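Reading the structure
Okay, here's what each chain looks like letter by letter:
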Amino acid sequence: MPTTTFFNLPEEKRSRIVEAAIEEFADNSLDKANVTRIVEAADIPRGSFYQYFDDLLDAYRYVLHLGAEAKMEYIHRYLDEVEDSVNLMRGLYEAGWRYAADHPRLAAAGVQFFRADRDLRQEIFEDLDEQGIHFYREIIRRGQDRGDINRQLDPGTAGLVLYLLNNAVLSHYLDYPD
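What counts as what
- Residues numbered from 1 in each chain as written.
- Predicted model: local features only at pLDDT ≥ 70, side-chain atom pairs only at ≥ 80, totals over all residues.
- Heavy atoms only, no water.
- Buried < 20%, exposed > 50% of the residue type's maximum accessible area, 1.4 Å probe, protein only.
- Helix = DSSP H or I, 4+ residues; strand = E, 2+ residues; numbered from the N terminus.
- Arc of directions from axis to C-beta.
- Contact = heavy atoms within 4.5 Å.
- Salt bridge = Lys/Arg side-chain N within 4 Å of Asp/Glu carboxyl O.
- Phe/Tyr/Trp six-rings, centres within 6.5 Å; stacked < 30°, edge-to-face > 60°.
- Lys NZ or Arg CZ within 6 Å of the ring centre and 35° of its normal.
- Core = buried A, V, L, I, M, F, W, Y, C linked by side-chain atoms within 4.5 Å.
- Axes fitted to C-alpha atoms, helices over the stretch in contact; angles between N-to-C directions.
- Parallel < 35°, antiparallel > 145°, perpendicular 65-115°, else oblique.
- Left-handed = near helix turned anticlockwise from the far one by under 90°.
- Nonpolar A, V, L, I, M, F, W, Y, C, P; charged D, E, K, R; others polar.

The next subject is helix 3 (residues 35-42). When we look at burial in helix 3, the residues that qualify are Val35, Ile38, Val39 and Ala42. Buried positions in helix 3, seen along its axis, are confined to an arc of 90° and lie on one side of it. Opposite the buried face of helix 3, by more than 90 degrees, sit the exposed residues Glu40 and Ala41. Among the structural elements, helix 2 (11-27), helix 4 (46-52) and helix 5 (56-81) are those in contact with the buried residues of helix 3.

Applying the stated rule across the entire model yields eleven salt bridges. Salt-bridge contacts for Arg16 lead to Glu12; the nearest nitrogen and oxygen are separated by 3.0 Å. Of the two residues, Arg16 and Glu12 both sit in helix 2, four residues apart, roughly one turn of that helix. The salt bridge involving Arg90 is made with Glu94; its shortest N-O contact spans 2.8 Å. One end of the pair is Arg90 and the other is Glu94, both in helix 6 (residues 88-102) and four residues apart, which spans about a single turn.

So, on to the packing of aromatic side chains. Across all of its chains, the model carries 13 aromatic pairs by this definition. Relative to Phe53, the ring of Phe49 lies with its centre 5.2 Å away and its plane at 35°, an arrangement referred to as tilted. Owing to a relative accessible area of 3%, Phe53 belongs among the buried residues under this scheme. Ring plane angle 70° and centroid distance 5.9 Å describe the contact between Tyr74 and Tyr99, whose orientation is recorded as edge-to-face. Of this pair, Tyr74 sits in helix 5 while Tyr99 is found in helix 6, placing the two residues 25 residues apart along the sequence. Grouped by ring-pair contacts, the aromatic residues Phe6, Phe7, Phe49, Tyr50, Tyr52, Phe53 and Tyr62 constitute a single cluster. Its end group placed over the ring of Tyr74, Arg77 keeps NZ or CZ at 4.7 Å from the ring centre.

Counting 52 residues, the largest nonpolar core has Phe25 and Phe49 as the members making the most contacts within it. For this core, the leading source of residues is helix 5, giving twelve residues. Beyond its immediate sequence surroundings of up to four residues, Phe25 is in contact with Leu30, Ala33, Ile38, Leu56, Ala59, Tyr60, Val63, Ala108, Ala109 and Gln112.

Tracing the sequence through the fold places Asn167 in helix 10 (residues 155-175). Sequence separation of Asn167 and Phe53 is 114 residues, and the distance between their C-alpha atoms is 30 Å.

The N-to-C vectors of helix 2 and helix 7 (residues 104-115) enclose an angle of 45°; their axes lie 7 Å apart at closest approach. Comparing the axis directions of helix 2 and helix 7 gives the class oblique. Our pair here, helix 2 against helix 7, has a crossing hand that is left-handed. Contacts from Ile22, Glu23, Phe25, Ala26 and Asp27 in helix 2 reach Arg105, Leu106, Ala108, Ala109 and Gln112 in helix 7. For the contact of helix 2 with helix 7, the class distribution of residues is six nonpolar, one polar and three charged.

Another point: unusual backbone geometry. Here the phi dihedral of Asp43 falls at roughly 60°; this positive angle occurs in a residue that is not glycine. Counting through the fold element by element, Asp43 comes out in the loop between helix 3 and helix 4.

Written out as structure tokens, the structure is:
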């Protein structure tokens, strides 16, 4: 994550750096991304970049964190509005599409991330799988509490199945975007 120095920057400068990093990671995977393009687009000295981030991977993690936070806002907004579990999955995908439409460059950086090698994804987010399974497990529990999902369904197993299903759909979409 960025240093304290980064967070102490004036908002305008911080935004310029973040936007430059988002653009770089939206267009390039981590292995093809370049600090030089980020500093040129942000109009900052190269040395300043390293005062704000440990390295390119640190900036990449931060951009992904921003994207994940923004997407979760959309999803939680939808979850707060949904009244039944029947339409839940459709709604989650709709929330994801709305996020992508409103934040296309952050979404593109996320696509670059999910196209990356699984080991890199796990290195960046060590608990990515557990977070995803936990998210779906909580959705199942919420539906059980509302009474529209059978209480005999094991939330852990169902959460795992939904997580794997979502990953399969995402992988298919990324492999065949047209």
